[in-house]
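Here are the chains, one letter per residue:
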Amino acid sequence: ALGARGVQAVLLEGGPTLAGAFLRAGLVDRVVAHLAPALLGAAPAALADPDAATLADALRLDLDDVRRLGPDVRLSAPVPHRTPAHPATP
């Protein structure tokens with residue numbers, strides 16, 4: 001519906017449940033992550049219920065942009081498309 005209205009991009013910033021659902025549905029074209037040089041101990045997960053439970057099953061990204069923003073780092077990579085685990089319903 002958004003594509004029919006000419007929308008070319010949507011920013012998801014709702015948390016691990018929303019991000020995981022969109023990724024599993026094959027609706028994510030790019031991941032942009034911001035990293036801060038801070039150690040917190042137990043950090044929240046970036047994705048809820050990931051499809052990959054081990055490093056061997058991980059979806060590997062090929063970074064195409066790395067930028068330093070003050071003390072932080074922004075990483076950006078396209079997401080290789082693969083068959084969604086749970087296809088989106090129209």
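All values derive from a computational prediction rather than experimental measurement.

(A) A look at a nonpolar patch on the surface. Taken together, the side chains of Leu2, Val7, Val10, Leu12 and Leu18 present a nonpolar region at the surface, about 370 Å² in accessible area. With respect to the secondary-structure elements, Val7 resides in the segment before helix H1 (16–24).

(B) Examining the sheet that holds strand E1 (residues 30–35) more closely. Strand order across the open sheet formed by 3 strands is E1-E3-E2, with antiparallel pairing between neighbours. Edge strands, defined here as strands with exactly one partner in the open sheet, are E1 and strand E2 (65–69). Going from strand to strand, the sheet's axes swing by 15° on average, the running direction of each strand aside. By the bridge criterion, 5 bridges tie E2 to strand E3 (residues 72–78) in an arrangement that is antiparallel.

(C) Quick peek at the pattern of salt bridges. In total, this model carries 3 salt bridges according to the counting rule given. Asp65 is the partner of Arg67 in a salt bridge, and the nearest nitrogen-oxygen pair spans 2.9 Å. A salt bridge links Asp65 to Arg74; its shortest N-O distance comes to 2.8 Å. Connected through salt bridges with shared partners, the residues Asp65, Arg67 and Arg74 form a single ionic network.

Rules used in this analysis
Residues numbered from 1 in each chain as written. Predicted model: local features only at pLDDT ≥ 70, side-chain atom pairs only at ≥ 80, totals over all residues. Heavy atoms only, no water. Patch = residues over 30% accessible without salt bridge, like charges linked within 9 Å, V, L, I, M, F, W, Y side chains within 5 Å. Areas by Shrake-Rupley, 256 points an atom, 1.4 Å probe, with all protein chains shown as cover. Salt bridge = Lys/Arg side-chain N within 4 Å of Asp/Glu carboxyl O. Helix = DSSP H or I, 4+ residues; strand = E, 2+ residues; numbered from the N terminus. Pairing = 2+ DSSP bridges. Axes fitted to C-alpha atoms, helices over the stretch in contact; angles between N-to-C directions.

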